[in-house]
Amino acid sequence: MPAHPDPSTGPLPRGHRPVTPDAAPQADRIDAFVASNFGLRGTLRLHRHALGWDLLRAPVNVLLAPVFLLTRLLALLCALLRLRRPARWLAARRVHLRTDVARELDSALRETFLPDGPDAVAVRPAQARLIEDYTAVRSAVAEICTTLVVLALGYLLFRTPTPGIVSLAPIVSEQAVRSEVVSAFPFGQGLGGLWYGVFPVELPVWYVVAVGIGLAMAASLVTTFAGLVADPVQAALGIHRRRLRRLVARLDAAAAGPGLAGEHVLARIADLTDIGTSLLRLFRA
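Bear in mind the structure is a predicted one, so any value in this text is a computation, not a measurement. For every chain, the first residue of its written sequence is number 1, and the numbers climb from 1 along that sequence. Where local features are concerned, this predicted model is filtered to residues with pLDDT of at least 70; where side-chain atom pairs are given and counted, the filter is 80 or more; whole-chain, interface and lining totals use all residues. Side-chain descriptors were evaluated using all non-hydrogen atoms of the structure, hydrogens and water having been removed beforehand.

Each Phe, Tyr or Trp ring, with Trp reduced to its six-membered ring, pairs with another whose centre is within 6.5 Å; inter-plane angles below 30 degrees give stacked pairs, above 60 give edge-to-face pairs, and intermediate values give tilted ones. What the rule picks out here adds up to two aromatic pairs. Aromatic side chains Phe-33 and Phe-38 sit 5.9 Å apart centroid to centroid with 75° between the ring planes, which places their arrangement in the edge-to-face category. Per-residue accessibility, obtained with a 1.4 Å probe over protein chains only, is compared with the maximum for each type, and a residue is labelled buried under 20%, exposed over 50%, and partly exposed between these values. The buried category is assigned to Phe-38, whose relative accessible area is 0%. Considering the side-chain rings of Phe-33 and Phe-113, the 5.3 Å spacing of their centres and the 55° angle between planes classify their relative orientation as tilted. With Phe-33 in helix H1 (residues 26-38) and Phe-113 in helix H5 (residues 100-113), this residue pair connects regions lying 80 residues apart in the sequence. In this pair, the class of Phe-33 matches that of Phe-113, namely buried. Through a chain of ring-to-ring contacts, three or more aromatic side chains come together here, namely Phe-33, Phe-38 and Phe-113. Working definition: helices are DSSP H or I runs of at least four residues, strands are E runs of at least two. Numbering for both runs from the N terminus.

Between the first and last residue of a helix there are one fewer steps than residues, each counted as 1.5 Å, and that sum is the expected span. The end-to-end C-alpha distance of H5 is 20 Å, a good match for the 20 Å that 14 residues give at a rise of 1.5 Å each. Taken residue by residue, H5 has Val-101, Ala-102, Leu-105, Asp-106, Ala-108, Leu-109, Arg-110, Thr-112 and Phe-113 as its buried positions.

Axis geometry follows a simple rule: fit a line to the C-alpha atoms, using only the stretch in contact for helices, then measure angles between N-to-C directions, giving values from 0 to 180 degrees. Two elements in contact, H1 and helix H11 (residues 239-253), have axes separated by 10 Å at closest approach and are oriented at 125°. By the angle between their directions, the pair H1 and H11 is classed as oblique. In this structure, the crossing between H1 and H11 has a hand that is right-handed. Mapping the contact onto sequence places Gln-26, Arg-29, Ile-30, Asp-31, Phe-33, Val-34 and Phe-38 in H1 and His-240, Arg-241, Leu-244, Arg-245, Val-248 and Asp-252 in H11. The class makeup of the residues in the contact of H1 with H11 is six nonpolar, two polar and five charged. Relative orientations are named as follows: roughly parallel for angles under 35 degrees, roughly antiparallel for angles over 145 degrees, roughly perpendicular for angles from 65 to 115 degrees, and oblique for any other angle. In a left-handed crossing the near helix is turned counterclockwise from the far helix by less than a right angle, and in a right-handed crossing that turn is clockwise. Any pair of residues with heavy atoms lying within 4.5 Å of one another is described as a contacting pair. Three categories are distinguished: nonpolar for Ala, Val, Leu, Ile, Met, Phe, Trp, Tyr, Cys and Pro, charged for Asp, Glu, Lys and Arg, and polar for the others, with Gly belonging to the last.

So, on to the environment of Asp-31. Mapped onto the fold, Asp-31 is located in helix H1. A C-alpha to C-alpha distance of 9.7 Å links Asp-31 and Gly-238, two positions 207 residues apart in sequence.

Running from amino to carboxyl end, H1 crosses H5 at an angle of 155°, the nearest separation of the two axes being 11 Å. Between H1 and H5, the angle is such that the two are roughly antiparallel. The interaxial crossing formed by H1 with H5 has right-handed handedness. Residues Arg-29, Ile-30, Phe-33, Asn-37 and Phe-38 of H1 form the contact with H5, whose own contacting residues are Leu-105, Ala-108, Leu-109, Thr-112 and Phe-113. Residues belonging to the contact of H1 with H5 are distributed by class as follows: seven nonpolar, two polar and one charged.

Now for the environment of Ser-278. Within the secondary structure, Ser-278 is located in helix H12 (residues 262-284). Residue classification places Ser-278 among the buried positions, given a relative accessible area of 18%. Sequence-wise, Ser-278 and Ala-169 are 109 residues apart; in three dimensions their C-alpha atoms are separated by 9.7 Å. When neighbours within four sequence positions are excluded, Ser-278 is seen to be in contact with Val-166 and Ser-167.

One broad trend across soluble globular proteins is that nonpolar side chains are buried collectively. Grouped together as the largest cluster of nonpolar side chains are 20 residues, with contacts concentrated most on Phe-33, Phe-38, Leu-109, Phe-113 and Leu-244. Broken down by secondary-structure element, the contributors of at least two residues to this core are H1, H5, helix H6 (125-158) and H11. Element by element, the count of residues in this core is highest for H5, at five residues. Those residues in contact with Phe-33 that sit more than four places away from it in its chain are Phe-38, Leu-105, Ala-108, Leu-109, Thr-112, Phe-113 and Leu-244. As used in this record, nonpolar core signifies buried Ala, Val, Leu, Ile, Met, Phe, Trp, Tyr and Cys residues forming a set joined through side-chain atoms within 4.5 Å.

These values are about where atoms sit, not about what they do.
Quick look at the structure:
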């Protein structure tokens, strides 16, 4: 009998299904899945599916992320109050737009970790929600990576913390307008720099909004492809393996409660920090 091909060495032959629960121990399946999908070659292959409509879905999903967090928090609250039916209903709500990358990962997870394979009819609703929640966590991690990139740019370029677009847009707008008016100062740029150092430039609201929209579009592009860096790093640190172990345990139990992954909370904390930083600068001004 021919040996099963190693998923870490490349795509499986046509018609060959990935290793199933009866064919290999759970730890081996998880290791093979991480190597095949979240290593450098695997994540490159996965993100090929982002070159399309995902470029438009990503910014919409970023805007919908707070709504997703709110529905999950309400589901947890209902569960604590033993309101089981509202808790299940809220936990089952699909808030994000389904991306092609998520669909590809969803299919790979079903083929590898569900005994019945990718057949949607054979998959229990609870299992489908668990897999969908798993792919949503990757989106939250991508948002966290984007926040770190924006934060690093703020420190490197402006020597100030910018945990998000809301706090970065006014600074970029001010620097752009200041550079323009200083270069056009009638008595030279040196005196122009001194003059506008004492008398700050006025920023039109529409200009700040336009810059913010442009930065948000750039940030959504970073979010779409953040997994190219985040996946190999998480694979090396064992984060993907731990997350998959939790997923497989819950898939075996077919239990999809109103849980909320810490990655979603952390991403929204970054958003609140961004807004708080902007308000603090506004009050100081």
